[in-house]
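# Breakdown of the fold
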Amino acid sequence: MDRRRFLLAATAAASGGEGLDPPRSSAPTDATRFKAERKYRDLPQGRIAHVERGDGPAALFIHGFPLNGYQWRGALDRLSSLRRCIAPDLMGLGYTEVSNAQDLSPQAQSDMLLALLDALSVGSVDLVANDSGGTIAQLFAVQHPARVRTMLLTNCDVHENSPPPQMAGSIAKARAGVYDQKIALHLEDRAYARSASGIGGAAYIDPASFSDASLEYYFRPLVASPERRSQLNRYLAAFEPNPLLAIEAGLGRSAIPTRMVWGTADPLFPVRWAQWLDRTLPRSRGIRLVEGGKLFWPEERPDILASEARTLWGV
């Protein structure tokens, strides 16, 4: 660790970590900047959109549903001085472009991420994941342990709770090819988007955090064409059957240091599933609870995420 990083780590440890992020050279990232930083990599699976910032050891950020890599903008602001931060858009979401024949299952997403890392000449990563991205992260970690240094999991699918039972209605709509209509309604009715029935009210601590700019950046590409609407539906439908039951034994043998940082007010992924991971993973680094945190708390509380990542990474 160089002198600057040592001083940052020591100061953060003395104060409990929050609010002492590495110096930032600019204002917080907004949608305009994130769009300007977006790159594409042509892979066998498709044209994969991603934002990459920083250098040194790589960190791979895997977003939730129905978001994209923009979810991690605050984390990139705080951690790109310490890591080569890579935030891709998963297939079927965001600005990644794939064919209608492309498999969108969690396993196919994991395979795509491996191909992306190979294309970017990245040997190993620190994984950070949320929501359905946690499913993909766990598959990746079990199947490619040599490619993962650490794993930081926030509220996400775990073991039998994949997908959560509350998602049954949404998955049924996806299989019927009509879940895209819910996403379109978020764009048409911003009050609905931030209500308890919308994603803003259900998944954010403060619904106002789900800004108009975020709504546009996340959801506009998902309904941009009949093909994209179909891919959105297929992405969601592909989370059944549960892919995590088959890797329970692999998780139980994992040598990857893993930290769970879990919002306490998320009905989809209650704290007991973080506790299951803590019991199951041999090198668990324990659980940090985010009081009142809902599903997408990492977007609203990037200081907490960055503090926990730095501690796990030892920087």
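Up top is the structure these notes are about.
The paragraphs below set out a description of the structure included in this document. (Residues numbered from 1 in each chain as written. Predicted model: local features only at pLDDT ≥ 70, side-chain atom pairs only at ≥ 80, totals over all residues. Heavy atoms only, no water.)

## Some remarks on the packing of aromatic side chains
Under the definition given, this model contains 13 aromatic pairs. Taking the centre distance of 5.8 Å and the plane angle of 40° together, the rings of F65 and Y179 count as tilted. Of this pair, F65 sits in the loop between strand 3 (58-62) and helix 3 (73-79) while Y179 sits in the loop between helix 6 (168-175) and helix 7 (180-188), and the two are 114 residues apart along the sequence. Taken individually, F65 and Y179 each receive the classification buried, so the pair is uniform in this respect. Ring pairs connect the aromatic residues F34, Y70, Y95, Y204, F210, Y217, Y218, F219 and F296, which therefore count as one cluster. Looking at R47, its charged tip hangs above the ring of Y40, at a distance of 3.9 Å from the centre. The ring of Y70 has R73 sitting right over it, with the charged end atom 3.9 Å from the ring centre. (Phe/Tyr/Trp six-rings, centres within 6.5 Å; stacked < 30°, edge-to-face > 60°. Helix = DSSP H or I, 4+ residues; strand = E, 2+ residues; numbered from the N terminus. Buried < 20%, exposed > 50% of the residue type's maximum accessible area, 1.4 Å probe, protein only. Lys NZ or Arg CZ within 6 Å of the ring centre and 35° of its normal.)

## Examining helix 7
When we look at burial in helix 7, the residues that qualify are D180, I183, A184, H186 and L187. Buried residues of helix 7, seen end-on, are gathered within an arc of 150° and therefore sit on one face of the element. Pointing more than 90 degrees away from the buried face of helix 7 are the exposed residues Q181 and E188. On its buried side, helix 7 packs onto helix 8 (190-193), helix 9 (199-203), helix 10 (212-219) and helix 11 (226-237). (Arc of directions from axis to C-beta. Contact = heavy atoms within 4.5 Å.)

## A look at the pairing of strand 6 (residues 148-156)
The element strand 6 is largely enclosed, with a buried count of eight among its nine residues. Inspection of the sheet shows strand 5 (residues 125-131) paired to strand 6 by six bridges, in the parallel sense. Paired with L127 across the two strands is M151, which belongs to strand 6. Taken together, strand 5, helix 5 (residues 132-143) and strand 6 constitute a β-α-β crossover, and its handedness is right-handed. Bridging between strand 6 and strand 7 (residues 258-263) involves four bridges; their strand directions are parallel. (Pairing = 2+ DSSP bridges. Right-handed = clockwise from strand over helix to strand, strands pointing away.)

## Points about the pairing of strand 8 (residues 284-290)
Relative to strand 8, strand 7 runs parallel, the two being bridged by five bridges. Within strand 8, the position partnered with W262 by the bridge is L289. One crossover worth recording links strand 7 to the parallel strand 8 by way of helix 13 (residues 271-280), and it is right-handed.

## Some details on the side chain of N155
Residue position: N155 is located in strand 6. Judged by relative accessible area, N155 falls into the buried class, the value being 0%. Only 2.7 Å separates the side chain of N155 from the backbone nitrogen of G263, close enough to count as a polar contact. (Polar contact = N/O pair within 3.5 Å; in protein donor to acceptor, adjacent residues only side chain to side chain.)

## A word on the pattern of salt bridges
Under the defined criterion, the tally for this structure stands at 18 salt bridges. In this structure, the salt-bridge partner of R83 is D126, at a minimum N-O distance of 2.7 Å. Remark: D126 occurs in strand 5 and R83 occurs in the loop between helix 3 and strand 4 (84-88); sequence separation between them is 43 residues. On the basis of relative accessible area, R83 is assigned to the buried category, the value being 6%. A salt bridge links D118 to R147, with the shortest nitrogen-to-oxygen separation between them at 2.9 Å. On the criterion of sequence distance, the pair formed by D118 in helix 4 (residues 106-119) and R147 in the loop between helix 5 and strand 6 is long-range, its members being 29 residues apart. (Salt bridge = Lys/Arg side-chain N within 4 Å of Asp/Glu carboxyl O.)

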